[in-house]
Amino acid sequence: MSFYIDIHALQTLPPSNINRDDTGSPKSAVFGGVPRQRVSSQAWKSAIRQDFVANLDTDKMGIRTKRVAEKVVTKIQEISEGYDYDQALSEVAEAFKTVKISLAEPKKKKEEEAPKTLESGYLLLVSNQQISRLAQAIIDVEGSKLKKADVEKILDEQHSVDIALFGRMLADAPDFNVDASCQVAHAIGVHESEPEFDYFTAVDDVVRDADETGAGMIGTVEMMSSTLYRYANINFTGLQANLGDKEAAVEAATQFIKSFITAMPTGKQNSFANRTLPEAVVVTLRDDRPVSYVNAFETPVKESAEKGRRYQAAAALAHEAQELAETYGLEPVKSYFLAVGDLKDALENLGQGVNLKELLSAVESDLSEVLAD
């Protein structure tokens, strides 16, 4: 039986541009027949992953790079001082070649005095533990060729938290693909919104003539403001399988919930200082299937004379959750919510009201019980 964690959040952004497209415009989408602000799942996953780096031990994290060979060579030379660089690079390339991961010199040539480098043809995500184990294995064989089975075992075990959650795909070596145990939806506005333009000027501090007037630079930047609905889920059973460790799975899931709530994409933050936190979060533990409440906002939310848009969004979310539970009988095993102000009243029927510290403690305890059972 699989076990799932759903995380729902309502988060209001002031004028900002935290996730822009190739033209510099805030990303958007049409939902319910009207345009909405959108923040891509990739942008928020990147922010979450960076938050992991700040809160988890290095050996529990991975690194995504084309220059994985250099990372392994550096580790070899850390373990065995004096190990020849070119020899180590050649042995690393040979090890990856045995499992059909090709490394080649980068197309852009570096300066002649720079050491030779090899790169993969795509970003390769490996855990720091896998880098260390491969480095040690190359040292141990003392110049001999590593067996294919040994390299396969190294790359198939001791996955990092980010690999276990977000998965890994290697186009030319699919045997090392890892199915993601986490899904993150694109965040969308709960109401209609369109980009606005900020016209700005900059004045030259050094003027040659006291009578000189005018701006040294003018320009525009696009921005949007919205209350966003954010959603993610974790297949906790799959997460445990990917990590191969019960306690690590509990820690990873709990950290993901915390980072999902507190982390934010960094686009244009210096210009807009859009550092908000969600005004409402609902976390449910399920033994049936993940359930998104996004259709609560198919009809754009509007404020009333009595209640603002944030409250109306929380009320719509609660209504959708109760309707789905009654219609399909999909009752969560456990449900918690945290909210600010009168949003607590709108969500009171969705479970136990908690603060962030209490939420993380409760979920950690619940997941430990699930594993014990």
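Here is a short report on the structure shown in this document. These numbers come from a predicted model, not from an experiment.

1. Some points on the environment of M224
Within the secondary structure, M224 sits in strand β11 (residues 217-235). As a C-alpha pair, M224 and R275 span 51 residues in sequence and 14 Å in three-dimensional space. Here M224 is in contact with P14, P15, S16, P26, K27, R36, Q37, S193, E194 and P195, once residues within four sequence places are set aside.

2. A closer look at the side chain of E70
With respect to the helices and strands, the residue E70 is situated in helix α2 (residues 68-79). There is a polar contact of 2.7 Å between the side chain of E70 and the side chain of R67. Contact partners of E70, with chain neighbours within four places excluded, come to Y85 and T117.

3. Points about the pattern of salt bridges
Using the criterion set out here, one finds 12 salt bridges in the structure. The partner of E78 in a salt bridge is K75, and the shortest N-O contact between them spans 3.1 Å. Pair noted here: E78 and K75 are both in helix α2, with a separation of 3 residues, about one helical turn. Note on E78: relative accessible area 52%, which makes it exposed. Residue K75 is classed as partly exposed on the basis of its relative accessible area of 24%. Between E157 and R133 there is a salt bridge, with the nearest N and O atoms lying 3.5 Å from each other. On the criterion of sequence distance, the pair formed by E157 in the loop between α5 (148-156) and α6 (161-166) and R133 in helix α4 (residues 128-140) is long-range, its members being 24 residues apart. When salt bridges with common partners are traced through the structure, they connect D6, R286 and D288 into a single cluster.

4. Some thoughts on the packing of aromatic side chains
This model, assessed by the stated rule, comprises 4 aromatic pairs. When the ring of Y229 is compared with that of F297, the centres are 5.3 Å apart and the planes differ by 45°; the resulting orientation is tilted. You can see Y229 sitting in strand β11 and its partner F297 sitting in the loop between β12 (280-286) and α10 (309-328), a full 68 residues away along the chain. Connected via pairs of aromatic rings, a cluster forms that spans F52, F166, F256 and F260. Above the plane of the ring of W44 lies R230, whose end atom (NZ or CZ) is 3.8 Å from the centre. A cation over an aromatic ring shows up here: R230 above the ring of F260, its NZ or CZ 4.0 Å from the ring centre.

5. A closer look at α10
With 20 residues, α10 extends 28 Å from end C-alpha to end C-alpha; this agrees with the ideal 28 Å at 1.5 Å per step. The set of residues buried in α10 consists of Y311, A313, A314, A316, L317, A318, E320, A321, L324 and A325. If you follow the buried residues of α10, they end up packed against β1 (4-16), β11, β12 and α11 (343-347). Just beyond α10, the residue with positive phi is G329, at close to 70°.

6. Observations regarding the pairing of β11
With 14 of its 19 residues buried, β11 lies for the most part within the structure. Sheet analysis places β1 next to β11, joined by 11 bridges and oriented antiparallel. Following the sheet pairing, A9 is matched in β11 by R230. Where strand β8 (residues 182-184) lies against β11, 3 bridges are found, and the strand directions are antiparallel. Bridging across to β11, V184 finds its partner in A232. Note that strand β9 (residues 187-189) and β11 share 2 bridges and pair antiparallel. Residue pairing across strands places I188 opposite Y229, the latter belonging to β11.

7. With respect to the pairing of strand β13 (residues 334-339)
Of all 6 residues in β13, 5 are buried, a share of seventy percent or more. Examined bridge by bridge, β12 and β13 share 6 bridges and lie antiparallel to one another. The residue of β13 that forms the bridge with V281 is L338. The pairing of β13 with strand β14 (residues 352-353) spans 2 bridges and is classified as parallel. From the neighbouring strand, Y336 faces β14, where its bridge partner is Q352.

8. Things to note about the nonpolar core
Across soluble globular proteins, nonpolar side chains show a tendency to be buried alongside one another. Counting residues in each nonpolar core, the largest one holds 49 residues, and the members touching the most others are I5, I7, F236, L239 and F256. The dominant element in this core, judged by the number of residues it contributes, is helix α8 (residues 246-262), at 8 residues. The contacts of L239, once residues within four sequence positions are left out, are A164, L165, S181, I234, A249, A252 and A253.

Cut-offs used in this document
Residues numbered from 1 in each chain as written. Predicted model: local features only at pLDDT ≥ 70, side-chain atom pairs only at ≥ 80, totals over all residues. Heavy atoms only, no water. Helix = DSSP H or I, 4+ residues; strand = E, 2+ residues; numbered from the N terminus. Contact = heavy atoms within 4.5 Å. Polar contact = N/O pair within 3.5 Å; in protein donor to acceptor, adjacent residues only side chain to side chain. Salt bridge = Lys/Arg side-chain N within 4 Å of Asp/Glu carboxyl O. Buried < 20%, exposed > 50% of the residue type's maximum accessible area, 1.4 Å probe, protein only. Phe/Tyr/Trp six-rings, centres within 6.5 Å; stacked < 30°, edge-to-face > 60°. Lys NZ or Arg CZ within 6 Å of the ring centre and 35° of its normal. Expected span 1.5 Å × (residues − 1). Pairing = 2+ DSSP bridges. Core = buried A, V, L, I, M, F, W, Y, C linked by side-chain atoms within 4.5 Å.

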